[in-house]
Amino acid sequence: MDEGGTPLLPDCLLYQIFLSLGPADVLAAGLVCRQWQAVSRDEFLWREQFYRYYQVARDVPRHPAATSWYEEFRRLYDSVPCVEVQTLQEHTDQVLHLSFSHSGYQFASCSKDCTVKIWNNDLSISLLHSADMRPYNWSYTQFSQFNQDDSLLLASDSFALLSRVRNKPYDVFGCWLTETSLISGNLHRIGDITSCSVLWLNNAFQDVESENVNVVKRLFKIQNLNASTIRTVMVADCSRFDSPDLLLDAGDQAVSPCRVFDLGCNSEDETASPALRAPGRAKEGLRHALDGMLDGHTQLSERALETRVAELLAQGRTKPPERSTARNKYLIFTTGCLTYSPHQIGIKQILPHQMTTAGPVLGEGRGSDAFFDALDHVIDVHGHIIGMGLSPDNRYLYVNSRAWPPGSVVADPMQPPPIAEEIDLLVFDLKTMREVKRALRAHRAYTPNDECFFIFLDVSRDFVASGAEDRHGYIWDRHYNICLAKLRHEDVVNSVAFSPQEQELLLTASDDATIKAWRSPRTMRVFQAPRPRPRPFFSWFASHRR
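Thresholds, definitions, all that
Residues numbered from 1 in each chain as written. Predicted model: local features only at pLDDT ≥ 70, side-chain atom pairs only at ≥ 80, totals over all residues. Heavy atoms only, no water. Helix = DSSP H or I, 4+ residues; strand = E, 2+ residues; numbered from the N terminus. Buried < 20%, exposed > 50% of the residue type's maximum accessible area, 1.4 Å probe, protein only. Contact = heavy atoms within 4.5 Å. Areas by Shrake-Rupley, 256 points an atom, 1.4 Å probe, with all protein chains shown as cover. Axes fitted to C-alpha atoms, helices over the stretch in contact; angles between N-to-C directions. Parallel < 35°, antiparallel > 145°, perpendicular 65-115°, else oblique. Left-handed = near helix turned anticlockwise from the far one by under 90°. Nonpolar A, V, L, I, M, F, W, Y, C, P; charged D, E, K, R; others polar. Salt bridge = Lys/Arg side-chain N within 4 Å of Asp/Glu carboxyl O. Arc of directions from axis to C-beta. Pairing = 2+ DSSP bridges.

Engineer: Outline the overall build of the protein, supporting the account with residue identities and numerical values.
Structural biologist: When you go through the protein residue by residue, the secondary structure sums to 9 helices and 29 strands. Going through the 546 residues of the protein one by one, you find that 51% of them count as buried. Pairs at least 24 residues apart make up 62% of the contacts formed inside the protein by residues separated by at least 6 positions. Of the roughly 26500 Å² of accessible surface on the protein, 52% is carried by carbon and sulfur atoms.

Structure follows, in structure tokens:
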């Protein structure tokens, strides 16, 4: 300013100069004087800084909950859990999975050392309990989940084993349906590449000695073709669909409109799902197929013939989906129809009468013709699914997938197409059954189809995180679809978990046998800020005496 207090540089010129600076330089310049400080907080200036620094597409609007561009810039810079604060080394082998209690006070970890460990989540994380599962003939532990009131960890209460439930294949994992009942799966072979998966409702408070007596009720029986199986079962609560924490809109973005298939159809024409056609047409189709092979008009391999016969025999013997206008729960799982590689997501509505252990058990009450249950929806991702996670409001499903080459055709179910090293993180709206947003990318994987393993992801109110085979965990912003942080480990990162009560705390688990805790820069400043020493009462009183 000159001697009269008039600014030497007009605001418009300062604005143009500040546009050429980086965020840190703009903030430093704002400390010079009041005029510079006012210009350094200009909304249009921070809008430009935001889009340029975070490389967000210009057509993406500001977060709906944001009050200013400056505060939004600060949120992404200051509230992402990217500062390593603690490394836990109590496991002796690869750590495979992490899960928080709903209160956030505790979390569980699973490992190839065959233990499930329970940890206290305080300012400094400490081990509370360790359960060795070798006495129950387990090879290792791979998954855990707290029930809604945090009293049970799948089949554990106060760290005492309450029940055992059979799971086949092992990566069905299982999940809670209610606070005292859980879902498990079993696989029954029908042919060389044909099977059926049965999903059971189990009581959590039964006998420990047997793996079989705890089964209470059969929920669904689903046909598997071409060596596919049901895996990675989870439950989505539909009651919050109309009030999501963050509303994601497909808008004009280029997403595939053909990934989701609604199988609910009352028509008997040829466009209906094969599982819903009448038994008479099934017999006619089977007779026609066999006549074609005998006449030499149709050439099918042994596996293709088995699949075709299985499809035809299931027609008319599959119970169609039950329609309900009430918002219930969805059972979600990975499956397939072309190969053993999980490339589809199956969705089956769970109705209120199915969520209780009362009533018919073990499949009683269904007609003899209703041998299988039809799915309500199928999502085909055209790739190998290696991870799934629900948003906290249960409305959005996030899926880690390694894509097949465009236009690839599966000729042999035992030889799926090669999969990409890049991992696509896809997002599906379970209310509209549409894919939303563009795929999130940054993380990578290297194992081929037959060695591919599950990488657990997690979703908080504003962020989504995932592990990867490139020795890093990754964090993205859900609204802006940008990668915000890479979290370093010494080996594959198998699992990540946000604290449900504090999204600025993230845990990562790795093949390097460690669990790392990460906090945001803002949280670290709060924890490390010196606390004022309380003055003794007599000193305060003496200073105020007259």
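Engineer: For the packing of helix α4 (residues 43-54) against helix α5 (residues 69-78), give the residues involved together with the corresponding values.
Structural biologist: Look at α4 against α5: their axes get within 8 Å of each other, and the N-to-C directions meet at 30°. Relative to α5, α4 is oriented roughly parallel. The two elements α4 and α5 meet at a crossing, and its hand is left-handed. From α4, Glu43, Trp46, Arg47, Gln49, Phe50, Tyr51, Tyr53 and Tyr54 reach across to α5, where they touch Trp69, Tyr70, Glu72, Phe73, Leu76 and Tyr77. By residue class, the composition of the contact of α4 with α5 is 10 nonpolar, 1 polar and 3 charged.

Engineer: Residues and numbers for unusual backbone geometry, please.
Structural biologist: Across the chain, the bulk of peptide bonds are trans and the bulk of non-glycine residues have phi less than zero. Positive phi is not limited to glycine here, since Gln55 has a value of about 55°. Inspection of the secondary structure puts Gln55 in the loop between α4 and α5. On the basis of relative accessibility, which here comes to 69%, the residue Gln55 falls in the exposed class. Of note in this structure, Met433 is not a glycine but carries a positive phi near 55°. The residue Met433 is located in the loop between β21 (424-429) and β22 (434-440) in this model. The class for Met433 is buried, based on a relative accessible area of 13%.

Engineer: Let's hear about the pattern of salt bridges: which residues, and what values?
Structural biologist: Within the structure shown, the criterion is met by 19 salt bridges. With a shortest N-O distance of 3.9 Å, Arg75 and Asp462 are connected by a salt bridge. Of this pair, Arg75 sits in helix α5 while Asp462 sits in the loop between β23 (457-459) and β24 (463-466), and the two are 387 residues apart along the sequence. There is no split in this pair, since Arg75 and Asp462 are both buried.

Engineer: Can you lay out the packing of helix α1 (residues 11-19) against α4 for me, pointing to particular residues and giving the numbers?
Structural biologist: For any two helices packed against each other, the geometry is given by the interaxial angle and the distance between the axes. Close contact between α1 and α4 brings their axes to 10 Å; oriented N to C, the two are set at 10°. Taken together, α1 and α4 sit at an angle that is classed as roughly parallel. Along the contact surface, α1 presents Tyr15, Phe18 and Leu19, while α4 presents Phe44, Leu45, Glu48, Gln49 and Arg52. Partitioning the contact of α1 with α4 into residue classes produces 5 nonpolar, 1 polar and 2 charged.

Engineer: For α1, give the residues involved together with the corresponding values.
Structural biologist: Looking only at α1, the buried set comprises Leu14, Tyr15, Phe18 and Leu19. Around the axis of α1, the buried residues are gathered within 140° of arc, so they sit on the same side. In this fold, the buried residues of α1 make contact with α2 (23-29), α3 (34-40) and α4.

Engineer: An account of the pairing of strand β12 (residues 231-237) is requested, with residue identities and associated values reported.
Structural biologist: Within β12, 5 of the 7 residues are buried, which leaves it mostly tucked inside the rest of the structure. Bridging between β12 and strand β15 (residues 329-335) involves 5 bridges; their strand directions are antiparallel. Within the sheet, the bridge partner assigned to Met234 lies in β15 and is Ile332.

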